[in-house]
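# Working through the structure, step by step
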Amino acid sequence: MLTDLEYIMLGILSFGPTTGYEIRRVVEQSPVIGFSSSAGAIYPAIKRLEHGGYLTSQLEIQELRPNKKVLSLTDEGRNALRTWLKCSLTDKDYEKVHDPLMAKVLFFHNLTMEESRQYLVNQAAMVEQYVGELERSFENCKGMGFYQSLCMESGIVHMRTQLKWLQDTIAKLDQQVCDGNLKAAN
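Residues numbered from 1 in each chain as written. Predicted model: local features only at pLDDT ≥ 70, side-chain atom pairs only at ≥ 80, totals over all residues. Heavy atoms only, no water.

### A few points about the sheet that holds strand E2 (residues 55-60)
In any sheet, the strands associate via hydrogen bonds between backbone groups, in a parallel or an antiparallel arrangement. The three strands lie next to each other as E1-E3-E2, forming an open sheet whose pairing is antiparallel. Edge strands, defined here as strands with exactly one partner in the open sheet, are strand E1 (18-19) and E2. Seen against the sheet, helix H1 (residues 4-13) touches E1, E2 and strand E3 (68-73) and runs at an angle of roughly 95° to E3. The sheet contacts of helix H3 (residues 39-51) involve E2 and E3, and relative to E2 the element is tilted by about 115°. (Pairing = 2+ DSSP bridges. Helix = DSSP H or I, 4+ residues; strand = E, 2+ residues; numbered from the N terminus. Contact = heavy atoms within 4.5 Å. Axes fitted to C-alpha atoms, helices over the stretch in contact; angles between N-to-C directions.)

### Thoughts on the nonpolar core
Core analysis: the largest hydrophobic core is formed by 21 residues, its most contacted members being Leu-2, Met-9, Leu-10, Ile-23, Ile-42 and Leu-49. The set of elements that each furnish at least two residues to this core consists of H1, helix H2 (20-29), H3, E3 and helix H4 (75-86). Ranked by residue count, the leading element in this core is H1, at seven residues. When residues no more than four places from it in sequence are discounted, the contact partners of Leu-2 are Tyr-7, Leu-10, Leu-49, Tyr-54 and Ala-80. If you look at the next biggest cluster of nonpolar residues, it comprises 15 residues, including Met-113, Val-131, Ile-156 and Leu-166. (Core = buried A, V, L, I, M, F, W, Y, C linked by side-chain atoms within 4.5 Å. Buried < 20%, exposed > 50% of the residue type's maximum accessible area, 1.4 Å probe, protein only.)

### Side note on the packing of aromatic side chains
In total, this model carries three aromatic pairs according to the counting rule given. On the basis of an interplanar angle of 85° and a centroid distance of 5.5 Å, the ring pair of Phe-108 and Tyr-119 is categorised as edge-to-face. A residue pair is termed long-range when its members are at least 10 positions apart, and Phe-108 in the loop between helix H6 (100-105) and helix H7 (113-140) and Tyr-119 in helix H7 qualify at eleven residues. Overall, Phe-108 belongs to the buried group, its relative accessible area being 12%. Taking the centre distance of 5.2 Å and the plane angle of 75° together, the rings of Phe-146 and Tyr-147 count as edge-to-face. Owing to a relative accessible area of 62%, Tyr-147 belongs among the exposed residues under this scheme. (Phe/Tyr/Trp six-rings, centres within 6.5 Å; stacked < 30°, edge-to-face > 60°.)

### Some remarks on the pattern of salt bridges
On inspection of all chains with the given rule, the structure shows seven salt bridges. Glu-60 serves as the salt-bridge partner of Lys-68, at 3.9 Å between the closest nitrogen and oxygen. Measuring nitrogen to oxygen at the nearest pair gives 2.9 Å for the salt bridge that ties Lys-164 to Asp-168. Of this pair, Lys-164 and Asp-168 both sit in helix H8 (residues 146-178), four residues apart, roughly one helical turn. (Salt bridge = Lys/Arg side-chain N within 4 Å of Asp/Glu carboxyl O.)

### Some remarks on the packing of H1 against H2
One can describe the packing of H1 onto H2 by two numbers: an axis separation of 11 Å at closest approach and a directional angle of 110°. Relative to H2, the element H1 is oriented roughly perpendicular. In terms of crossing hand, the pair formed by H1 and H2 is right-handed. Taking contact as the criterion, the partners of Met-9, Ile-12 and Leu-13 in H1 are, on H2, Ile-23, Val-26 and Val-27. Class assignment for the residues of the contact of H1 with H2 results in six nonpolar, no polar and no charged. (Parallel < 35°, antiparallel > 145°, perpendicular 65-115°, else oblique. Left-handed = near helix turned anticlockwise from the far one by under 90°. Nonpolar A, V, L, I, M, F, W, Y, C, P; charged D, E, K, R; others polar.)

Here it is, written out as structure tokens:
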């Protein structure tokens with residue numbers, strides 16, 4: 001059985017032959033793929049997929065640059081991808097979703113109120129900037145496919161929702177302080 005990251009990598013390869021570096025770049029830049037783009041995650045997965053017969057590689061000789069390994073999806077890889085795409089998600093799949101912000105907020109009782117608030121304000125500024133970048137990127141990618149554009153829209157909506165939550169949470173925190181329910185320092 002393949003991992004979700006490996007299926008996503010097969011999906012990236014379904015667009016056509018590419019390199020491990022390009023797969024890392026797509027995983028890193030996507031607003032909807034929530035996996036590590038580190039070499040320690042991607043390259044071992046490439047080896048497993050190649051060993052399993054899901055992809056092939058061919059060394060491309062380059063004169064002025066280092067040679068590169070071009071990866072291609074096999075029929076077995078395409079069939080595995082299609083099977084995965086048709087499998088319904090379960091509640092267990094949704095439990096796997098990693099939200100790094102909530103992983104931190106859960107333990108904010110270890111920070112002072114000022115530290116918590118400042119973290120949220122900084123995060124809101126970063127998310128607002130990221131939403132703008134995603135929207136500009138989406139506007140500049142008019143040639144993307146229908147399903148890719150749906151995923152990009154989903155990423156933008158998700159990040160807008162994250163921004164709204166941050167803004168609402170800062171307001172609630174401020175109200176708790178005004179009401180005397182939270183002290184200025186924990």
